Amino acid sequence: MSALLRAGAAELAGRIATGEVSAREVTAAHLDQIAAVDDRVKAFLHVDGERALAAADAVDARRAAGEELGPLAGVPLAMKDIFTMKGAPTTCGSRILEGWVPPYNSTITDKLLAAGVVVLGKTNMDEFAMGSSTENSGFFTTHNPWDNARIPGGSGGGSAAALASFEAPLAIGTDTGGSIRQPASVTGTVGVKPTYGATSRYGVVAMASSLDTPGPCARTVLDAALLHQVIAGWDPRDATSINAPVPDVVAAARHADVKGMKIGVVREFGGEGYQPGVEQRFAEALAVLEGLGAEIVEVSCPHFDYALAAYYLIMPSEVSSNLARFDAMRYGLRVGDDGVNSVEEVMNLTRGAGFGAEAKRRIIIGTYALSSGYYDAYYGSAQKVRTLITRDFDAAFAKVDVLVSPTTPTTAFRIGERADDPLAMYKADLCTIPSNLAGNCAASIPCGLADGLPVGFQIMAPALADDRLYRVGAALERELNNRWGGGLLDQLADSESGAYLNVGGVR
Ligand code: GLN
């Protein structure tokens with residue numbers, strides 16, 4: 001495979017900055033890879049090669065003019081189709097937004113463009129970010145590059161699959177209950193959910209506003225840190241944005257050392273329902289961290305057992321409110337506008353045709369949970385559980401620096417396997433949801449293979465201590481890569497299953 005595809009973002013940016021390779025060559029190589037493999041991976045909903053090449057040319061021109069380039073200038077990125085970008089179609093995986101072209105950029109889009117990052121296109125996702133497999137996309141299902149009969153995770157499965165198939169070295173996602181970390185876990189990539197409020201929600205299609213957190217996706221911890229640094233920071237256009245300095249996540253990734261750190265293993269995560277191979281890889285990664293001088297202690301967070309139930313009341317309640325704006329009048333699809341139907345009939349017909357089954361299920365559950373007479377029993381109780389979970393975290397972080405667990409109980413399941421069983425699908429988020437409810441930060445780092453499929457190691461840290469994720473993640477990554485003789489994805493690129501991707505167009 002072309003070295004330009006294997007290289008990480010940090011390396012590519014360095015080579016572009018010295019002029020050893022042009023941003024145009026780097027972008028063209030990735031567009032070629034998309035053309036070669038995306039009919040099988042199906043990571044992208046839209047690719048805009050012309051726009052990407054023009055952005056790359058602008059970086060090359062700035063370099064030629066002697067301008068200093070930022071740390072990610074000229075590096076290609078795959079953008080989850082939940083972020084608005086002026087002039088680029090944004091569907092959020094839903095037919096109801098088909099044809100909508102936003103007239104503005106999300107704050108994160110602005111930051112990426114200002115940094116010279118080259119946006120290749122928009123990636124597939126579960127409709128309105130609701131799902132764990134991309135099977136809820138209104139368009140098509142994305143395939144896991146490790147095994148194309150399996151799911152790439154969700155909701156940001158397109159972004160994770162683009163990374164794992166070497167279509168892009170960087171991607172961006174959103175995490176409301178696990179949609180960055182769970183896809184990272186099942187594709188062998190790195191995904192970080194920053195502290196809630198540390199990355200702007202402005203211009204990001206809203207799912208559950210008290211939980212939604214944009215974050216970086218990459219193939220290495222350092223690349224994720226570089227992207228984190230570019231996209232994070234206070235935004236006056238987002239009412240819940242935090243006005244606090246961004247921790248130095250890049251320094252943490254570069255000088256990773258866990259000696260003397262206290263790492264807490266969450267007792268509640270493991271056992272029944274967890275794949276034995278996942279638990280084995282997790283235990284081995286813990287031993288690696290212990291070998292590097294970290295102290296491992298067991299910690300109990302008793303209310304985490306109720307996190308999934310609380311999330312599936314709070315999240316749909318917010319979804320039912322946020323999705324009310326898709327009323328056939330303002331965005332995208334309009335059905336039955338024949339001059340005879342009333343406004344209400346047009347709204348009903350449009351919402352009936354435009355939303356998929358999972359979106360409808362959550363709108364109905366959320367509307368019910370918020371209805372007067374049931375509000376206290378459902379939404380009110382769930383909010384109390386949310387507080388108890390936050391207190392569990394506070395008590396744990398008084399004793400340890402980070403908490404760890406498997407990211408998800410199993411490796412990638414087969415496409416179709418859980419499609420008709422919403423509860424089985426929801427269980428993919430068992431370990432990721434508590435951090436969303438508390439507003440803390442968390443990451444998933446590859447820690448090996450179980451039955452030939454990637455396993456993710458989750459690291460959780462307190463709000464505004466995102467640097468700890470990178471410190472622990474980079475230390476673990478360095479040690480595991482030494483043992484493996486390269487990254488987990490290098491194994492895929494070198495393997496027979498990698499051949500299915502036609503990696504580099506050689507095989
Ligand atoms: N799988 C979760 C859900 O379906 C995660 C959603 C997310 O993080 N966007 O709600």
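Below: a short report on this structure. (Residues numbered from 1 in each chain as written. Predicted model: local features only at pLDDT ≥ 70, side-chain atom pairs only at ≥ 80, totals over all residues. Heavy atoms only, no water.)

1. What to know about the overall build of the protein chain
For the record, the criterion: Numbering of helices and strands runs from the N terminus; a helix is a DSSP stretch of H or I covering at least four residues, while a strand is a stretch of E covering at least two. The globule rule used here is 2.2 Å times the number of residues to the 0.38 power, and the radius of gyration it is set against is calculated over C-alpha atoms. Between two residues, a contact is recorded if the distance between any of their heavy atoms is within 4.5 Å. Per-residue accessibility takes into account occlusion by the displayed protein chains alone, with areas from the Shrake-Rupley method and a 1.4 Å probe. Positive: Lys, Arg. Negative: Asp, Glu. His and the chain ends are not part of the count. Charged groups are reduced to one reference atom each: NZ for lysine, CZ for arginine, CG for aspartic acid, CD for glutamic acid.
The helix and strand inventory of the protein chain stands at 19 helices and 11 strands. Relative to a compact globule of 507 residues, whose C-alpha radius of gyration would be 23 Å, the protein chain shows 21 Å and is just as compact. Principal-axis analysis of the C-alpha atoms gives the protein chain an extent of 65 × 55 × 45 Å. Looking at the protein chain alone, contacts between residues at least 24 apart form 76% of all its contacts between residues at least 6 apart. When the accessible surface of the protein chain is totalled, it reaches about 18000 Å², and 52% of it is carbon and sulfur. Taken as two groups, the 43 positive and 58 negative side-chain charges of the protein chain have centres that lie 2 Å from each other.

2. Examining the packing of helix α3 (residues 23-41) against helix α4 (residues 49-64)
Worth spelling out the cut-off: Fitting a line to C-alpha atoms yields each axis, with helices limited to the stretch in contact; the angle taken between N-to-C directions then spans 0 to 180 degrees. An angle below 35 degrees is read as roughly parallel, one above 145 as roughly antiparallel, one from 65 to 115 as roughly perpendicular, and any other as oblique. By convention, the crossing between two helices is left-handed when the near helix turns anticlockwise from the far helix through less than a right angle, and right-handed when the turn is clockwise. Ten residue types, Ala, Val, Leu, Ile, Met, Phe, Trp, Tyr, Cys and Pro, are classed as nonpolar, four, Asp, Glu, Lys and Arg, as charged, and the remainder, Gly among them, as polar.
Contact pair α3 / α4: the axes reach a minimum separation of 8 Å and the direction vectors enclose 160°. The angle between the axes of α3 and α4 places the two elements in the roughly antiparallel class. The element α3 and its partner α4 pack so that their crossing is right-handed. Between α3, through Ala-23, Arg-24, Thr-27, Ala-28 and Leu-31, and α4, the contact on the second element is made entirely by Gly-49, Ala-52, Leu-53, Ala-56, Asp-57, Val-59 and Asp-60. Along the lines of polarity and charge, the residues of the contact of α3 with α4 split into seven nonpolar, two polar and three charged.

3. With respect to the pattern of salt bridges
For the record, the criterion: Salt bridges are identified by distance alone: a Lys or Arg side-chain nitrogen within 4 Å of an Asp or Glu carboxyl oxygen. We call a residue buried when its accessible area falls under 20% of the maximum for its residue type, exposed when it is over 50%, and partly exposed in between, using a 1.4 Å probe and counting protein chains only.
With the rule as written, the count across this model stands at 21 salt bridges. Of the charged contacts, one joins Asp-238 and Arg-201 as a salt bridge, the two residues approaching to 3.2 Å between their closest N and O atoms. Of this pair, Asp-238 sits in the loop between α8 (221-231) and α9 (249-254) while Arg-201 is found in the loop between β5 (190-193) and β6 (213-218), placing the two residues 37 residues apart along the sequence. Residues Asp-238 and Arg-201 agree in their burial class; the two are buried. A salt bridge links Glu-358 to Arg-361, with the nearest nitrogen and oxygen atoms 2.3 Å apart. Here Glu-358 and its partner Arg-361 are both found in helix α13 (residues 357-370), three residues apart, which amounts to about one turn of the helix. Note on Glu-358: relative accessible area 9%, which makes it buried. Sharing partners across several salt bridges, the network here consists of Arg-6, Asp-490 and Asp-494.

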